[in-house]
Amino acid sequence: MDYRSLSQLFDGVLIIDKNRKVVFANEKAKKILGKDIKPGESCRGLFSICSSCPMDLVEDTEEGVQVYDVQTESGLHVCLSMTPHYEEGEFKGVIEIFRDVSRVIHHMEEVKRQKEFVQVVLDSIVEAVLVFDKEGKVIDHNSMAKKILCRELDGLKGKSIEEIINLSIEELPPEGERADVFIETPCGRQKASVLVSRLKEGEGYVISFYVVPELLSPNKQGFQIVSKSPRFSKILDRVRSVAEMNVNVLITGETGTGKSLIARYIHLISPRREQPFVKINCGAIPENLLEAELFGYNKGAFTGAVRSKPGKVEMAHGGTLFLDEIGDLPLHLQVKILNLIQEKEFERIGDVKPRKVDVRIIAATNRDLRKLVREGKFREDLYYRLNVVSIELPPLRERKEDIPYLVNHFIEKFSKEHGRRIKGVSPSAMKLLLEYDYPGNIRELENIIESAVVVSRGTMISEEDLPEELKFRRFVRNTSRKDSEAERIRKALEEAGGNKSLAAKILGMHRTTLWRKLKELGMG
């Protein structure tokens, strides 16, 4: 047989007889295999498939085989086909044709590594990520999508965004702008923060989102709203509905009722949560420094201004500015805050032109602003600008059902903080805590429990671990209660002409109860 036509092929060619001996090898085969193969040499070991040589299979089936990734002795990757070779109808061996595909295999392995890397990155993201082709069908996603969407991952590919969250792409925020929307999932209707991004050259788009928490988690945000009070639950419902709207909020209530906590909560569940939350206490900063703290100043604006400094308003750009104790704000600064609200601009001290700013204002006070307005100490126009939505927090004495939950929360907090193992409070101590009126509200209760955790010698807080003030107030309250009860009994006896049985009927109690009380009060 004349093999000259095979000599100059770009593919390697080997002709192998039935005894696994080389009959012919062209120049390309020798180059790929890296050796000068002579006729009559054994072909065993030339390729990685030699240990399970398919020649017998080729002879039996009279059909060729193709293997896409075979390694040579030198480690090259080749694509190899083995075809039966016949002469005058008799099987003489096989013809092997192969090509170096090392670069292709390396590229495929690199693509695989890149894909695995991308998947690891996607799965490490705490948001659900969905990748859509230009037809709007899911082509990829991360594992968080399963958790947030309450679906099996296999059921996501090939679906449209409408099928997944019941919203079209047109109903989602504009490209590159993160915003909150309500999505429908098998877990129910949920509020989600969504961002849409386009892939290059219009090949599709990526949607990433996370569910906005309705309640704050202490291990995520560093604090927790603790309440079982129906009244306070209604307030929280109002807070959640207000949080979504870009309106100013006025929070009122006695000192220690949690105004700062509610302000931060509004920010954290609002669309502005990714931006700064900046707080300034209008009553804690001297009046001559307050303007500089609020609005900042330029270099050289006054003696000591050796460099420019932004104020709290500027630092809060895009987010929330919390003006605590707004009732203590001086009148001349009230004008500037009013201008900030109306014009969305302010001036640093020493500025020659105003600066634009985007802030949401939440104000809080324990003072009666309406009374201050009547007294001329607070601007009426500013009051109405701040009081777009008002939230009044009740004092702790009006939500005493929350005291046991707050006590347990503070015990857990301060036991961990001070390395103590306090498990709870004794019944008598809890009775004392429930009877107290807390003029300092939740902040006072927090201080009381911290003190008790520190001084307690056992695993339970006892009555002895609580401040003396609580016991004194109970004594005063019980004394006044006895005095008023004695007066009621005295009047009833007068009306009954000294008849104790009749007096008991007037008082609505059993006569033996009346006799016992007379003895306790020293009137018997």
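Small disclaimer: the values here were computed from a predicted structure and weren't measured.

**Q** Tell me about the pairing of strand β2 (residues 22-25), and name the residues and values.
**A** Note: strand β1 (residues 12-17) against β2, three bridges, orientation antiparallel. When the bridges of β2 are listed, L14 appears paired with A25.

**Q** So what's going on with the side chain of E444? Residues and values would help.
**A** On the secondary structure map, E444 appears in helix α17 (residues 441-455). E444 gets classed as buried once you look at its relative accessible area, which sits at 16%.

**Q** With reference to specific residues and values, describe the pattern of salt bridges.
**A** For the coordinates displayed, the defined rule picks out 29 salt bridges. Notably, a salt bridge pairs R113 with E110, separated by 2.6 Å at the nearest N-O pair. Here R113 and its partner E110 are both found in helix α4 (residues 102-124), three residues apart, which amounts to about one turn of the helix. On the accessibility criterion, R113 (41% relative accessible area) is partly exposed. In this structure, the salt-bridge partner of E127 is R178, at a minimum N-O distance of 3.1 Å. Of this pair, E127 sits in the loop between α4 and β6 (128-133) while R178 sits in the loop between α6 (161-165) and β8 (179-185), placing them 51 residues apart in sequence. By relative accessible area, E127 is classed as buried at 15%. By relative accessible area, R178 is classed as partly exposed at 30%. Salt bridges sharing common partners tie together E27, K30, D36 and K38.

**Q** Give a description of the sheet that holds strand β15 (residues 320-324) that names residues and reports values.
**A** Think of a sheet as strands paired side by side through backbone hydrogen bonds, with each pair either parallel or antiparallel. Here we have five strands laid out as an open sheet, ordered β12-β15-β18-β11-β19, and parallel in their pairing. The open sheet is flanked by β12 (277-281) and β19 (389-392), the only strands paired with a single partner. Going from strand to strand, the sheet's axes swing by 20° on average, the running direction of each strand aside. Across four bridges, strand β11 (residues 249-252) lies against strand β18 (residues 360-365) in parallel orientation. Its bridge partner lying in β18, L250 is registered against A363. Strand contacts of helix α9 (residues 259-268): β11, β12, β15, β18 and β19, with the helix running at about 155° to β11, the strand carrying the most contacts.

Basis of the calculations
Residues numbered from 1 in each chain as written. Predicted model: local features only at pLDDT ≥ 70, side-chain atom pairs only at ≥ 80, totals over all residues. Heavy atoms only, no water. Pairing = 2+ DSSP bridges. Helix = DSSP H or I, 4+ residues; strand = E, 2+ residues; numbered from the N terminus. Buried < 20%, exposed > 50% of the residue type's maximum accessible area, 1.4 Å probe, protein only. Salt bridge = Lys/Arg side-chain N within 4 Å of Asp/Glu carboxyl O. Axes fitted to C-alpha atoms, helices over the stretch in contact; angles between N-to-C directions. Contact = heavy atoms within 4.5 Å.

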